[in-house]
Amino acid sequence: MITPGIVLLVPIAAPILAAAAYAVAGWRRASAWLGAGAATIVLCAAITLATTVSRSPLVGMGGLVRADPLSAFMLIVIGAIALLATAATPAYFAAEIAAGRATARTAARHSLLVALFVAAMSGAVLAANLGVLWVAIEATTIITAFLVGQRRTRPAVEAAWKYVVICSTGIALALLGTLILNYAATNSPARAGLNLAELTAAAHGLDQPVTRIAVALLIIGFGTKMGLVPLHAWLPDAHSQAPAPVSALMSGVLLSVAFYAILRVKAISDAALGSGFARALLLVMALGALTVAATLLLAQRDYKRMLAYHSIEHMGLLALGAAVGTPLALAAVLLHVLGHGLAKAVLFLGSGRILQLTGTTQVEQVRGLAGTDPVLAGCVGLGVFALLGFPPFSLFASELAMFRAGYAAGLGAVITLALLLVLVITAALFAHSGHMLLGNPSPALIEPHPAPGPERSDVATASAAPTPTAITTAVFTAPATTTTLAPASAVAQTAAPAATSAAASAARTPTSTVIVLIAGLLTCAVLGVAAGPLAQLLHLAADTIAATP
Amino acid sequence: MTETLYVQLLDLACGGLLLGAVLVLWRRELSVIIRMFAAQGVALAALVAVLAAHQRSVDLWVVAVGLLILRASVLPLLLARALTAAGPARRETRPLVNVAASLLAAAVLALLAYAVSRPLVALAPSPATQAIPVGVTVVLIGFFVLVTRRRALSQLVGFLLMDNGITTVGFLTTASVSLVVELGVSLDVLLAVLVLRILTARIQETFGDADLDELAELHD
């Protein structure tokens, strides 16, 4: 039996140790996998915590950290997506360094910051105190600012500036809300302070008008970090400019961590003000986010920005589910957090690979990817299906449950409007990704940018064997078929004599990346079919925030 | 300290805070704006010192000294260094809203702040909480500076004004936010400013001497 307090600190300490190791050792063959190791430890600690806290919450570090089923679930999300992103990092940087776009120093700095980023997110979901939660979330902004601006090009610097200014401003509003809530709490009969558990328990004694101001500021503030309207402008820029593994982490988990803060605030608000106030606020922000995503996705020409707007849509759906607020809706929302994180991580990692192959982020210039790289195209295609909520992926189950709960809660008109917007978004994404994956390969794919050696294009054209029927099977069949494709690609890679040179290995998608993409899709699909032991955790977590007096 | 002296000193410090914010709106020389911001930092530290003397709290005295170091010297120094690095262009050229209109807007924002913070004052009326609207006004003026100025450095000052306002509200409402949170918040603000300072240097490097309006590579 391990001391419970230690398990609470592992998810924060492991990535920090990995960061320290990167600071000392730099980027080497052995240290490249340290980040993935730390993410694995976070995931294992999260699962251990999940089994422990299902009976009673754990408190540690003099009451500063606390884990209940909701924090344990969020930690699992962080661990799982960090594992995907960090496991794809070595191959990503191998290709970047081979193409001369990065150096070993950039890679080491990147891995150090990513490890700190994961530690800050773990700290945020484990915080027992609203103030500490705020500090951790602001820390993620500061750390990721350097990751967004890593490439130092004009768009990257611009994106980083916008990101820090808008997010820090939004988060400053949340700080004002925190201070005002603290004021309300110290003047309430229970004198609760900022401890989340005590505050939620004593919420019915809070002064209502003051709490209303505080809750509005907190939801708008954390909503900024989550990419909801009105302060969402940073999201498409930052997510499209960041390197692929960072985009995967930011889109897959960072947004959800901000959403976690909103869930905590909503629990306090529901107890203090009744469920109407937070619901109205979240509904407006959710519909705003869906509208923004739908209108801007239709004419989007950049595929990384397309994915970013799609994140805004999904955050809108999460806010919608939270607004509904019944235990079923909240369990669905949490499942959606995990499913969206996995699918979005797969897609951002896949699109990062497409960017390395073609050198462009324009949808127009990528055409017929299935002809040149069927494995990558298959993964991206299935990822798009997952993201759009097709069965068997878990997003299908969670979206269905969310909408059903919405109708059951008497929000029929709003849910119908949201469904219409989702339909528009689905059509837009379908058209764009169909263009990229199917059809005749574009010149950008046949003569890969930046074309370091002639053998690279040879490999690309030689592998353009699959017929259109093979492409459709790759895209339309269940993930089981894709797994059988993986060894085939590995064989092709080793069989090609040029595969030993760096240039040729850059032309085919590396095995480790393919494994990551398929693992993400498989997990997402398995979750959609049977949540297994996770179902119990989901319901416990939903109950911790849905418990209305 | 007698009660009347306490109230007078408190109001004086709050007046200083408000004046600092309005002067930032009024002047367009970037170096003057930074000096105004430093003066506002002194007013903020004085406010906390007055509260410390009134409550006879050692912790608050320590916080007051910390604020004086951070807001009245470290942050303005960082800004001033960014300014010298920025070269000859030292004026806020062409703000989106001209000075006269900005000052009128500040008056409207102050009214708004008084309207919004009525429940806050009503919850626990005391000389300190009566001054909450001043803090809220500073927050709003900071936000206004942030959205209407075009120089990276003036936007940064706008962000810091907001932060000063938020800190003011924090100390006027309660002095009992735990020390860990207090430290964390200060550290985050310092780091955010450092990050933005590095980014202004990079903007300088990649865009040359440019208004932020020329940052238009990314849009839909």
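A. Broad picture of unusual backbone geometry. All names here are of chain A. With an omega dihedral of 0 degrees, the bond running from Val229 to Pro230 counts as a cis peptide bond. By secondary structure assignment, the location of Pro230 is in the loop between helix 8 (208-226) and helix 9 (234-241). Between Pro391 and the following residue, Pro392, the backbone shows a cis peptide bond with an omega angle of 10 degrees. With respect to the element layout, Pro392 can be found in the loop between helix 15 (374-387) and helix 16 (394-408).

B. Summary view of the environment of A:Ala216. Take A:Ala216: it is sitting in helix 8. Distance in space between the C-alpha atoms of A:Ala216 and A:Ile142 is 24 Å, their sequence separation being 74 residues.

C. Quick look at the interface of chain A and chain B. With 37 residues of chain A in contact, the opposing surface of chain B contributes 36 residues. Secondary structure elements with two or more residues in the side of chain A that touches chain B: helix 5 (130-148), helix 6 (154-186) and helix 8 of chain A. With 19 residues, helix 6 of chain A is the single largest residue contributor to the side of chain A that touches chain B. Per-class residue counts for the side of chain A that touches chain B are 23 nonpolar, eight polar and six charged.

D. View of the confidence of the model for chain B. The predicted model of chain B averages 86 in pLDDT, with 89% of residues at 70 or higher. At the level of chain-chain contacts, confidence expressed as ipTM amounts to 0.94, with global pTM at 0.89.

E. Highlighting the packing of helix 4 (residues 99-116) of chain B against helix 7 (residues 132-148) of chain B. Residue and element names in this part refer to chain B. The geometry of helix 4 relative to helix 7 is characterised by a closest axis approach of 8 Å and an angle of 140 degrees between their N-to-C directions. Relative to helix 7, the element helix 4 is oriented oblique. Classified by chirality, the crossing of helix 7 by helix 4 is right-handed. Contacts from Ser102, Ala105, Ala106, Leu109, Ala110, Leu112, Ala113, Tyr114 and Val116 of helix 4 reach helix 7 at Pro133, Val136, Thr137, Leu140, Ile141, Phe144 and Thr148. When its residues are assigned to classes, the contact of helix 4 with helix 7 shows 13 nonpolar, three polar and no charged.

F. Fine view of the environment of A:Thr513. All names here are of chain A. Structurally, the position occupied by Thr513 is in helix 23 (residues 511-529). Taking the C-beta count within 10 Å as the criterion, Thr513 has 27 such neighbours and is therefore assigned buried. When residues no more than four places from it in sequence are discounted, the contact partners of Thr513 are Ala88, Ala91, Leu349 and Arg353.

G. Expanded view of helix 7 of chain B. Taking 1.5 Å of rise per residue, the 17 residues of helix 7 of chain B would be expected to cover 24 Å, and the 25 Å separating its terminal C-alpha atoms lies within 8% of that figure. With respect to burial, helix 7 of chain B is a largely interior element, 14 of its 17 residues being buried.

H. Representation of helix 12 (residues 303-324) of chain A within the structure. Residues and elements named next belong to chain A. The terminal C-alpha atoms of helix 12 lie 32 Å apart, and with 22 residues this matches the ideal 32 Å at 1.5 Å per residue to within 8%. With 22 of its 22 residues buried, helix 12 lies for the most part within the structure. Gly325, located one to two residues past helix 12, shows a positive phi value of around 80 degrees.

I. Inspection of the nonpolar core at higher detail. A:Ile81 and B:Leu47 are the most contacted members of the largest nonpolar core, which totals 295 residues. At 22 residues, the largest contribution of residues to this core is made by helix 6 of chain A. The residues touching A:Ile81, leaving out its near neighbours within four places in the chain, are A:Ala248, A:Leu249, A:Gly252, A:Val253, A:Gly341, A:Leu342 and A:Ala345.

The rules we used
- Residues numbered from 1 in each chain as written.
- Chains lettered and ligands numbered in written order.
- Predicted model: local features only at pLDDT ≥ 70, side-chain atom pairs only at ≥ 80, totals over all residues.
- Helix = DSSP H or I, 4+ residues; strand = E, 2+ residues; numbered from the N terminus.
- Contact = placed C-beta atoms within 7 Å.
- Nonpolar A, V, L, I, M, F, W, Y, C, P; charged D, E, K, R; others polar.
- pLDDT = per-residue confidence, 0-100.
- Axes fitted to C-alpha atoms, helices over the stretch in contact; angles between N-to-C directions.
- Parallel < 35°, antiparallel > 145°, perpendicular 65-115°, else oblique.
- Left-handed = near helix turned anticlockwise from the far one by under 90°.
- Buried ≥ 20, exposed ≤ 12 C-beta atoms within 10 Å, placed from the backbone.
- Expected span 1.5 Å × (residues − 1).
- Core = buried A, V, L, I, M, F, W, Y, C linked by C-beta atoms within 7 Å.

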